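# Coordinate inspection notes
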Amino acid sequence: MGNPLYQEAREAVARAELLALAAETDIQREAVQKEYSRAKQALSSAFANSTPAEQEQLANLQEQLLQLGDLEQTE
């Protein structure tokens, strides 16, 4: 079945990215911030319970999320 925490983290990062791309209103941007926070927490939880290969992929997802956070702050 795989690692459910790893899968949850991947999905949370993807949701945050999609929401960020579509966010035009203040309410939508608030939703992005909430999903961003959820994604950070999911990544943290998943990292501790993952294989080395999953940890490497999670590190890449974390980098994507950090870049998303940088974009949000510049807008």
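Above this note sits the structure.
A few words on the nonpolar core. Ranked by internal contacts, the top residues of the largest apolar core, which has 17 residues, are Ala 9, Leu 43, Leu 58, Leu 65 and Leu 68. At the level of elements, α1 (4–22), α2 (26–48) and α3 (52–74) are the ones that each hand at least two residues to this core. Among residues more than four places away in sequence, those in contact with Ala 9 are Ala 42, Leu 43, Ala 46 and Leu 58.

Moving on, we get to the packing of α1 against α2. With their axes 8 Å apart at the nearest point, α1 and α2 run at an angle of 160° to one another. Overall, the two elements α1 and α2 adopt an arrangement that is roughly antiparallel. Judged by the sense of rotation from one axis to the other, the crossing of α1 with α2 is left-handed. Of the residues in α2, those in contact with Leu 5, Tyr 6, Glu 8, Ala 9, Ala 12, Val 13, Arg 15, Ala 16, Leu 19, Ala 20 and Ala 22 of α1 are Gln 28, Ala 31, Val 32, Glu 35, Tyr 36, Ala 39, Ala 42, Leu 43, Ser 45 and Ala 46. Its residues assigned to classes, the contact of α1 with α2 shows 16 nonpolar, two polar and three charged.

This paragraph deals with the environment of Thr 51. Tracing the sequence through the fold places Thr 51 in the loop between α2 and α3. C-alpha separation for the pair Thr 51 and Asn 3, spaced 48 residues apart in sequence, amounts to 9.0 Å.

Taking 1.5 Å per residue as the helical rise, α2 with its 23 residues ought to reach 33 Å, and the 34 Å between its terminal C-alpha atoms agrees with that figure. Along α2, the residues classified as buried are Val 32, Glu 35, Tyr 36, Ala 39, Ala 42, Leu 43 and Ala 46.

With 19 residues, α1 ought to run about 27 Å at 1.5 Å a step, and its terminal C-alpha atoms sit 27 Å apart, in line with that. Among the residues of α1, Tyr 6, Ala 9, Ala 12, Val 13, Ala 16 and Ala 20 are the ones counted as buried. Buried residues of α1 fall within an arc of 125° about the axis and therefore sit on the same side. Of the exposed residues in α1, those oriented more than 90 degrees away from the buried face are Pro 4, Leu 18 and Leu 21. The backbone nitrogen of Leu 5 has a side-chain oxygen 2.9 Å away, supplied by the residue at the start of α1, namely Asn 3.

Calculation criteria
Residues numbered from 1 in each chain as written. Predicted model: local features only at pLDDT ≥ 70, side-chain atom pairs only at ≥ 80, totals over all residues. Heavy atoms only, no water. Core = buried A, V, L, I, M, F, W, Y, C linked by side-chain atoms within 4.5 Å. Buried < 20%, exposed > 50% of the residue type's maximum accessible area, 1.4 Å probe, protein only. Helix = DSSP H or I, 4+ residues; strand = E, 2+ residues; numbered from the N terminus. Contact = heavy atoms within 4.5 Å. Axes fitted to C-alpha atoms, helices over the stretch in contact; angles between N-to-C directions. Parallel < 35°, antiparallel > 145°, perpendicular 65-115°, else oblique. Left-handed = near helix turned anticlockwise from the far one by under 90°. Nonpolar A, V, L, I, M, F, W, Y, C, P; charged D, E, K, R; others polar. Expected span 1.5 Å × (residues − 1). Arc of directions from axis to C-beta. Polar contact = N/O pair within 3.5 Å; in protein donor to acceptor, adjacent residues only side chain to side chain.

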